[in-house]
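An overview of the molecular structure
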Amino acid sequence: MARAFGCARVVFNDGLRARQQAREAGLAYVTDAELSRRVTAAKLTPERAWLGEVSSVVLQQALADLNTAYRNFFASVSGKRKGRRVAAPRFRSRKDNRQAIRFTTNARFKVLDNGRLRLPKIGDVQVRWSRTLPAMPTSVTVIRDAAGRYFASFVVQTTDEALPSAASEVGIDLGLTHFAVMSDGTKVTAPKFLRRAARKLKRLQQNLSRKQRGSRNRKKAVVKLARAHARVTDTRRDWQHKLSTAIIRDNQGRCTSRTCA
């Protein structure tokens with residue numbers, strides 16, 4: 001898995017460097033097809049022969065990510081993309097907190113009957129499923145976060161199922177004293193997830209500050225602190241999803257201080 005992350009990162013950086021050098025030299029924009037040809041040629045060189053050790057789809061998807069980053073940047077500069085301005089693509093680092101690779105159907109990944117996920121040139125990976133896939137996936141993205149956890153995100157085609165009709169409607173006011181106040185008088189107090197974990201986070205932060213920069217022990221301390229923060233984030237997100245789902249199922253219409261549905 002680490003080799004696949006590294007190869008995807010190198011291909012992305014090589015493509016970005018090629019386009020930057022062409023721009024600085026006043027040459028034409030390096031096309032997607034040209035970048036793909038360069039990746040194929042690089043596999044035949046001693047310096048980049050190890051690119052052949054991973055699935056070629058992973059490398060092509062890294063170039064696709066680069067193209068998406070450029071399209072978003074150009075659309076933002078021209079004003080076609082609304083919202084916050086998107087920065088130009090930057091080089092990826094092995095020290096980045098988040099690493100990701102993607103497999104499409106061309107890679108022939110497979111969800112096995114025993115619940116494992118078979119990834120090309122990686123092998124069978126044990127998965128703890130959060131839900132059953134409603135259809136055959138068209139792609140899977142494997143993500144490693146700052147806490148060292150791995151996630152598999154699938155793209156599937158499915159249809160939305162309408163929820164049962166409800167006669168009641170509710171207005172919601174998001175505030176500071178309470179997380180939410182309903183029009184029927186219900187008050188929702190936000191749990192203090194961060195406050196409960198503050199003592200442990202403080203201890204881990206102090207432990208990290210004592211470690212020498214660049215040392216292995218510091219890297220271990222960084223992961224421990226990231227896992228503690230991830231636990232707080234996941235707990236908060238789980239609570240918010242459960243609350244919003246309960247409100248949606250019990251009411252036909254929802255109206256907050258900002259939006260109505």
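Everything in this summary refers to the structure shown in the same document. (Residues numbered from 1 in each chain as written. Predicted model: local features only at pLDDT ≥ 70, side-chain atom pairs only at ≥ 80, totals over all residues. Heavy atoms only, no water.)

The next subject is the environment of T141. Along the chain, the position of T141 falls in strand β5 (residues 139-144). According to the relative accessible area criterion, T141 is buried, its value standing at 16%. Setting aside residues up to four positions removed in sequence, T141 forms contacts with A100, I101, R102, F151, A152 and S153. (Helix = DSSP H or I, 4+ residues; strand = E, 2+ residues; numbered from the N terminus. Buried < 20%, exposed > 50% of the residue type's maximum accessible area, 1.4 Å probe, protein only. Contact = heavy atoms within 4.5 Å.)

With 5 of 6 residues buried, β5 is to be regarded as a mostly interior element. In the sheet, strand β1 (residues 99-104) pairs with β5 via 6 bridges, with the strands oriented antiparallel. Paired with T104 across the strands is S139, a residue of β5. (Pairing = 2+ DSSP bridges.)

Glycine aside, residues mostly have negative phi, and peptide bonds are mostly found in the trans state. One non-glycine residue, R108, lies in the positive phi region at around 60 degrees. Examined against the element boundaries, R108 turns out to sit in the loop between β1 and β2 (110-111). Taking relative accessible area as the criterion, R108 reaches 74% and is therefore assigned exposed. Phi is positive for K121, close to 60 degrees, though the residue is something other than glycine.

Together, R94, K95, K200, R203, R216, K219, K220, K224, R227 and R231 line one region of the surface with positive charge. Counting only elements with at least two residues in the positive patch, the list comes to α5 (198-209) and α6 (216-250). At 6 residues, α6 tops the list of elements feeding residues into the positive patch. Relative to the assigned elements, R227 resides in helix α6. The exposure class assigned to R227 is partly exposed, which follows from its relative accessible area of 43%. (Patch = residues over 30% accessible without salt bridge, like charges linked within 9 Å, V, L, I, M, F, W, Y side chains within 5 Å. Areas by Shrake-Rupley, 256 points an atom, 1.4 Å probe, with all protein chains shown as cover. Salt bridge = Lys/Arg side-chain N within 4 Å of Asp/Glu carboxyl O. Lys, Arg positive; Asp, Glu negative; His and termini not counted. Charge placed at Lys NZ, Arg CZ, Asp CG, Glu CD.)

A separate point is the sheet that holds strand β6 (residues 150-155). Strands in a sheet are paired, the pairing made by backbone hydrogen bonds, and the direction either parallel or antiparallel. Spatial strand order, β1-β5-β6: 3 strands in an open sheet with antiparallel pairing. Both outer strands of the open sheet, β1 and β6, are each paired with one neighbouring strand and no more. With strand direction ignored, the average angle separating the axes of adjacent strands in the sheet is 20 degrees. Contacts from helix α1 (residues 2-24) reach β1, β5 and β6, with the element oriented near 90 degrees to β1. (Axes fitted to C-alpha atoms, helices over the stretch in contact; angles between N-to-C directions.)

By themselves, these figures tell us nothing about what the structure is for.
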